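Coordinate analysis (summary)
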Amino acid sequence: MNRPDATAGEAQTRWPQLMRLGGLMHKEFLQILRDPSSIAIAFLMPVVLLVIFGYGVSLDAKGIPVALVIEQPGADASSLAGALSNSEYFRTTTFRTLMDARQAMIDGQADAIVHLRSDFARQLRRPDGAPIQIILNGVDANRARVVSGYLAGAWQTWLAARVAASGATLPAAVVVEERVWFNSELRSRDFLVPGLVAIIMTLIGSLLTAMVVAREWERGTMEALLVTPVYIREILLGKLVPYFGLGMGGMAVTVGVGVLLLGVPLRGSLVVLAAVASVFLLVALGVGLLISAATKNQFVAGQIAILTSFLPAFMLSGFIFNIASAPLPIQWLTRVVAARYFVSILHTVFMAGDIWAIIVPNVLVLAAMAAVFLTLARLKSRKHLE
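The structure presented is a predicted model; accordingly, all values stated were derived computationally and were not measured.

**What to know about the overall build of the protein chain**
Of the regular secondary structure elements, the protein chain holds 14 helices and four strands. A globule of 386 residues ought to have a C-alpha radius of gyration of about 21 Å, yet the protein chain, at 29 Å, is considerably larger. The principal-axis extent of the C-alpha atoms belonging to the protein chain is close to 105 × 45 × 40 Å. Taking all 386 residues of the protein chain together, 41% fall into the buried category.

Written as C-alpha cells, this is what we have:
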C-alpha cells in the first residue's frame, strides 16, 4: 500500500544525488578544459608517440653494413657481391684483405664480414659446394642472429637462382617454403603501434587520475568539497567519468592515426576493440584513483603512477620485449601487469582478428583487476581530513 509513496521518496532522494553528480562531472570537465597538459597528454601525446614509433623506431634490420672480402675476383664472386649489394637489407663495402675488414668491424663500420676465398669459383662447382666464411659482430646477440639469418637467406636465394639459370635443380632433401601469417610484410610498425594504445591509455588513466585528487588537496578545494552533502562515491564517479571519456578519446586518436595514417591493419572488430579498451581503462583509472587516495601530493602521485603503471606497461607488457624470452620470475611478475593482457588482445585484434580464445580469458583477468582496484580505491577514500 505504501509502495507508491516509497517510490516517490526514492526518486526525491536520487534526484539531488544525480544533480550533485552532474555538477561534479561538469566541474571536472571544465577543469580538464582549463588544464592544457591534460588535453596534450590525451590528444597530442598519442600523435607524437605514433610519429616516433611509426617512423622513427623500427625493429627491422635494413641497411646492415657488411664488409665483403673477395680474394680472387671473378664472375661468380661478382654475382654474389651484386646480389648482396642490391638487397635492401645490406650495405656492402669491399675490402682487399680480411685484416682490413676485421679492422672495419672493430671500428664499428661493419656488422658482418663475408669472406670469399681465392678458390671460391672452383669450390662452387664441386658436389659439396663452396664454403664462405661469415664473421658476425656479436655485441648485440639478437642483431647478430638476425644478420646471420639474412645472410644465409641471401646465400640460398643466390644459389637457387644460379642453379635455376643453368637449367638444373638444387639438390636439397627439403625445400622450405615460408609463409608468414598475420604480418606478412614483417613490418615492426604493425607490431608496435597496437601496443602503443595500451601505453597511451595507461598514461591517461593512471597518471592523470593519480594527480587529480592530489591536486584538489594541494589547492585546498578538497576541504571545501568534503563539507558539502556529496557522498564519497559521487566524488569518485565525478572524477572517473570525465577521465574515462578522455582516455577513450585518446584511444580513438591513436587507433585512427595508426590505421589511417600509418597503414596498420585492423582485422578485428572496432566494437570489440572499444569494449576491451573500456575494461582496461577501468583498471588504469582504478589504479590512478587508488594512488590519488593514498597521497596528497601531485609530484609523489605522479612518480608512483609512473613507477607502478607506465614503466611496467612499457617494459613488462610484451609491447617491445617478448615475455616468453624473459626469465621465469620475470614472466610470473608480468602476470600482475594489466597492460600485458591488453597488449595481447591488441596484437590479436589488430593483426589476426577477433580470436575469442585469446580475447575472453584476457578480458576476464582485466575485469577482475578493475573490480579489485576500484574497490580498493573506494575503501581507501574517506570523507574526512585525516
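**Notes on the layout of surface pockets**
Any space left empty among the atoms is revealed by the rolling of a water-sized probe across them. Within this model, the second largest pocket holds a volume of roughly 320 Å³. Surrounding the second largest pocket, 20 residues form its lining, Val 287, Thr 308, Ser 309, Val 336 and Ala 338 being those nearest its centre. Elements with a contribution of two residues or more to the lining of the second largest pocket: α7 (188-219), α10 (270-294), α11 (298-315), α13 (338-351) and α14 (356-380). Residue contributions to the lining of the second largest pocket peak at six residues, all from α10. Here the lining of the second largest pocket is built from residues that sort into 16 nonpolar, four polar and no charged.

**Notes on the environment of Val 57**
Following the sequence through the fold, Val 57 ends up in the loop between α2 (36-56) and β1 (64-70). Once the C-alpha coordinates of Val 57 and Ile 41 are considered, the two residues, 16 residues apart in sequence, prove to be 20 Å apart. Every residue in contact with Val 57, bar those within four places of it in the chain, is listed here: Ile 52 and Leu 192.

**Some words on α13**
Compared with the 20 Å implied by 1.5 Å per residue over 14 residues, the 20 Å span of α13 between its first and last C-alpha is a close match. Most of α13 is tucked away, with 13 of its 14 residues classed as buried. In the segment just after α13, Gly 353 is the residue with positive phi, at about 120 degrees.

**Examining a nonpolar patch on the surface**
A contiguous nonpolar surface patch, about 310 Å² in accessible area, is contributed by Leu 44, Val 48, Ile 52 and Val 57. Within the element layout of this structure, Leu 44 appears in helix α2.

**Things to note about empty space enclosed by the protein**
Counting across every chain of the model gives two cavities of 30 Å³ or more. Approximately 40 Å³ is the volume found for the largest cavity. Lining the largest cavity are Leu 80, Leu 84, Val 114, Ile 132, Ile 134, Leu 151 and Trp 155. Elements with a contribution of two residues or more to the lining of the largest cavity: α3 (75-85) and α6 (141-165). Here the lining of the largest cavity is composed, by residue class, of seven nonpolar, no polar and no charged. Its volume calculated, the second largest cavity comes out at about 30 Å³. Taken together, Leu 24, Lys 27, Glu 28, Leu 225, Ile 235, Gly 238 and Lys 239 form the lining of the second largest cavity. Residue composition of the lining of the second largest cavity, by class: three nonpolar, one polar and three charged.

**Quick notes on the sheet that holds β1**
Read from one edge to the other, the open sheet built from four strands follows the order β2-β1-β3-β4, with strand pairing classed as mixed. For this open sheet the edge positions go to β2 (90-95) and β4 (133-136), each flanked by a neighbour on one side alone. Averaged over neighbouring strand pairs, the angle between their axes works out to 25 degrees when direction is ignored. As paired elements, β1 and β2 share six bridges and run parallel to each other. The residue bridging Val 69 from the neighbouring strand is Phe 95, located in β2. With respect to the sheet, helix α4 (residues 98-106) is in contact with β1, β2, β3 (112-116) and β4, its orientation differing from that of β3 by roughly 170 degrees.

**Overview of the nonpolar core**
Counting 73 residues, the largest nonpolar core has Leu 196, Met 201, Phe 342 and Leu 366 as its most contacted members. The element best represented in this core is α7, accounting for 17 residues. Grouped together as the second largest cluster of nonpolar side chains are 21 residues, Ala 61, Val 66, Leu 124 and Leu 159 included.

**Focus: the environment of Pro 36**
Tracing the sequence through the fold places Pro 36 in helix α2. Overall, the relative accessible area of 59% leaves Pro 36 in the exposed class. Each C-alpha atom of the pair Pro 36 and Thr 348 lies 34 Å from the other, and the pair is 312 residues apart in sequence.

**With respect to the side chain of Ser 309**
Position of Ser 309 among the secondary structure elements: in helix α11. Residue classification places Ser 309 among the buried residues on the basis of a relative accessible area of 8%. A polar contact is formed between the side chain of Ser 309 and the side chain of Ser 206, at a distance of 3.4 Å. In this structure Ser 309 touches Thr 202, Ser 206, Val 287 and Ile 304, once residues within four positions along its chain are discounted.

Calculation criteria
- Residues numbered from 1 in each chain as written.
- Predicted model: local features only at pLDDT ≥ 70, side-chain atom pairs only at ≥ 80, totals over all residues.
- Heavy atoms only, no water.
- Helix = DSSP H or I, 4+ residues; strand = E, 2+ residues; numbered from the N terminus.
- Rg over C-alpha atoms; globule rule 2.2 N^0.38 Å.
- Buried < 20%, exposed > 50% of the residue type's maximum accessible area, 1.4 Å probe, protein only.
- 1 Å grid on protein atoms, 1.4 Å probe; cavity = no way out; pocket = protein on both sides within 12 Å on 5 of 7 lines; lining within 4 Å.
- Points joined across faces, edges and corners; volume = space filled by probe spheres on them.
- Nonpolar A, V, L, I, M, F, W, Y, C, P; charged D, E, K, R; others polar.
- Contact = heavy atoms within 4.5 Å.
- Expected span 1.5 Å × (residues − 1).
- Patch = residues over 30% accessible without salt bridge, like charges linked within 9 Å, V, L, I, M, F, W, Y side chains within 5 Å.
- Areas by Shrake-Rupley, 256 points an atom, 1.4 Å probe, with all protein chains shown as cover.
- Salt bridge = Lys/Arg side-chain N within 4 Å of Asp/Glu carboxyl O.
- Pairing = 2+ DSSP bridges.
- Axes fitted to C-alpha atoms, helices over the stretch in contact; angles between N-to-C directions.
- Core = buried A, V, L, I, M, F, W, Y, C linked by side-chain atoms within 4.5 Å.
- Polar contact = N/O pair within 3.5 Å; in protein donor to acceptor, adjacent residues only side chain to side chain.

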